[in-house]
Amino acid sequence: MDKNFAVVIPMANESSEFLPFIQCLRRTLDEIGGGSVYIVVDNASKDNTLDLCRQLSLTDDRFHTVWAPENRNVVDAYLRGYVEAYRNGHEFIIEMDAGMSHDPAALPEFLLALDKGNDCAYGSRFIGDGKIMSSSFKRKFLSKGGTVLANLLLGTHLHDMTSGYQGFNSEVVGKFLKYKLHSKAHFYQTELKFLLRKMKCSEIPIVYRTPSENVNLRVVINSIAVLLRYFFMRVTLRSPFIE
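So, how was this worked out
- Residues numbered from 1 in each chain as written.
- Predicted model: local features only at pLDDT ≥ 70, side-chain atom pairs only at ≥ 80, totals over all residues.
- Heavy atoms only, no water.
- Helix = DSSP H or I, 4+ residues; strand = E, 2+ residues; numbered from the N terminus.
- Expected span 1.5 Å × (residues − 1).
- Buried < 20%, exposed > 50% of the residue type's maximum accessible area, 1.4 Å probe, protein only.
- Polar contact = N/O pair within 3.5 Å; in protein donor to acceptor, adjacent residues only side chain to side chain.
- 1 Å grid on protein atoms, 1.4 Å probe; cavity = no way out; pocket = protein on both sides within 12 Å on 5 of 7 lines; lining within 4 Å.
- Points joined across faces, edges and corners; volume = space filled by probe spheres on them.
- Nonpolar A, V, L, I, M, F, W, Y, C, P; charged D, E, K, R; others polar.
- Pairing = 2+ DSSP bridges.
- Axes fitted to C-alpha atoms, helices over the stretch in contact; angles between N-to-C directions.
- Contact = heavy atoms within 4.5 Å.
- Parallel < 35°, antiparallel > 145°, perpendicular 65-115°, else oblique.
- Phe/Tyr/Trp six-rings, centres within 6.5 Å; stacked < 30°, edge-to-face > 60°.

Description of helix H3 (residues 74-87)
Note on helix geometry: an α-helix contains 3.6 residues per turn, so any two residues three or four positions apart are oriented the same way.
Line of reasoning, step 1. For H3, with 14 residues, the first-to-last C-alpha span of 20 Å sits near the 20 Å given by 1.5 Å per residue.
Line of reasoning, step 2. What H3 keeps buried is the set Val75, Asp76, Ala77, Tyr78, Gly81, Tyr82, Glu84 and Ala85.
Line of reasoning, step 3. A side-chain oxygen of the first residue of H3 lies 3.1 Å from the backbone nitrogen of valine 75; this N-cap is asparagine 73.
Line of reasoning, step 4. Phi for glycine 89, located one or two positions after H3, is positive at around 75°.

Below, the structure is given as structure tokens:
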């Protein structure tokens, strides 16, 4: 298993969950025996998350705090993390959410899938032992329904099109960093899966814990707009892809 990997984690207002999440992530990195973590913080964070991250970086050189006040949305935060990791020459780059939404213990499975020659490794809540830890029917419906709708309109075939726990080899990262994404929120992960549909991929069962039961209407509207954009491009035979 390649140990030259990086983990990209946007963080905002995570002070209450910071310590347990970092402890779990550290244990996993210790077990793997390698890895670097790029934590991206921007003005969306109103608590002391930035201070906590900077203190962590001073005591553990595996953790790199990236202060990015220029970010306009969460997509910018993810991409800034990818840029930092890509520039530093990591072979594999994996993105995950903080606050225990994504379990760091699953990292070895992503690395194994990439080490076996897959270009992309996608977390899936709808295969094997994967599941969503949420009491909200709306959240579960949007996740599953979004996958069904995306596969139908975009012609994709993944079990989970809306999961955000995912990893890529550096060559793929270099390619999609050059592409202008249209998503402004978490639909960007679905957008990437569509654009990279011709790449060799593997799905990894994951358990996802929702940080909030609320559903942001602006996020839903942006998701629908981008989905329809690519659907119309597909039916007019102008469907883009990254290869």
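Remarks on the layout of surface pockets
Line of reasoning, step 1. Approximately 170 Å³ is the volume attributed to the second largest pocket.
Line of reasoning, step 2. Taken together, Arg72, Asn73, Val75, Asp76, Leu79, Lys180, Leu181, Ser183 and Lys184 make up the lining of the second largest pocket.
Line of reasoning, step 3. Looking at the lining of the second largest pocket residue by residue, the class counts come to three nonpolar, two polar and four charged.

Notes on the sheet that holds strand S8 (residues 201-205)
Line of reasoning, step 1. As summarised here, the arrangement of the seven strands in space is S3-S2-S1-S4-S7-S5-S8, forming an open sheet in which the pairing is mixed. With one partner strand each, in any of the chains shown, strand S3 (63-67) and S8 form the two edges of the open sheet. Direction aside, neighbouring strands of the sheet carry axes that sit 20° apart on average.
Line of reasoning, step 2. Across the sheet, helix H1 (residues 18-32) is in contact with strand S1 (5-11), strand S2 (36-41) and S3; its angle to S1 comes to roughly 175°.
Line of reasoning, step 3. In the packing of helix H2 (residues 49-59) onto the sheet, contacts are made with S1, S2 and S3, and the angle to S3 comes to roughly 145°.

A word on the packing of helix H5 (residues 137-154) against helix H8 (residues 217-235)
Line of reasoning, step 1. Across the interface, H5 lies against H8 with an axial gap of 9 Å and an inter-helix angle of 25°. Considering their axes alone, H5 and H8 lie roughly parallel with respect to each other. In this structure, H5 contributes Leu149, Ala150, Leu152, Leu153 and Leu154 to the contact, and H8 contributes Leu227, Leu228, Tyr230, Phe231 and Arg234.

Regarding the packing of aromatic side chains
Line of reasoning, step 1. Applying the stated criterion across every chain yields a total of eight aromatic pairs.
Line of reasoning, step 2. With a centroid separation of 4.4 Å and an interplanar angle of 20°, the aromatic rings of phenylalanine 110 and tyrosine 165 are classed as stacked. Residue phenylalanine 110 is found in helix H4 (residues 107-115), and its partner tyrosine 165 is found in the loop between H5 and strand S7 (166-169); the two are separated by 55 residues along the sequence.
Line of reasoning, step 3. Taking the relative accessible area as the measure of exposure, tyrosine 165 reaches 1% and is therefore buried.
Line of reasoning, step 4. Both rings, one in phenylalanine 194 and one in tyrosine 230, keep their centres 5.1 Å apart while their planes meet at 55°; by these two values the pair is tilted. Of the two residues, phenylalanine 194 sits in helix H7 (residues 188-195) while tyrosine 230 sits in helix H8, which places them 36 residues apart along the sequence.
Line of reasoning, step 5. On the basis of relative accessibility, which here comes to 1%, the residue phenylalanine 194 falls in the buried class.

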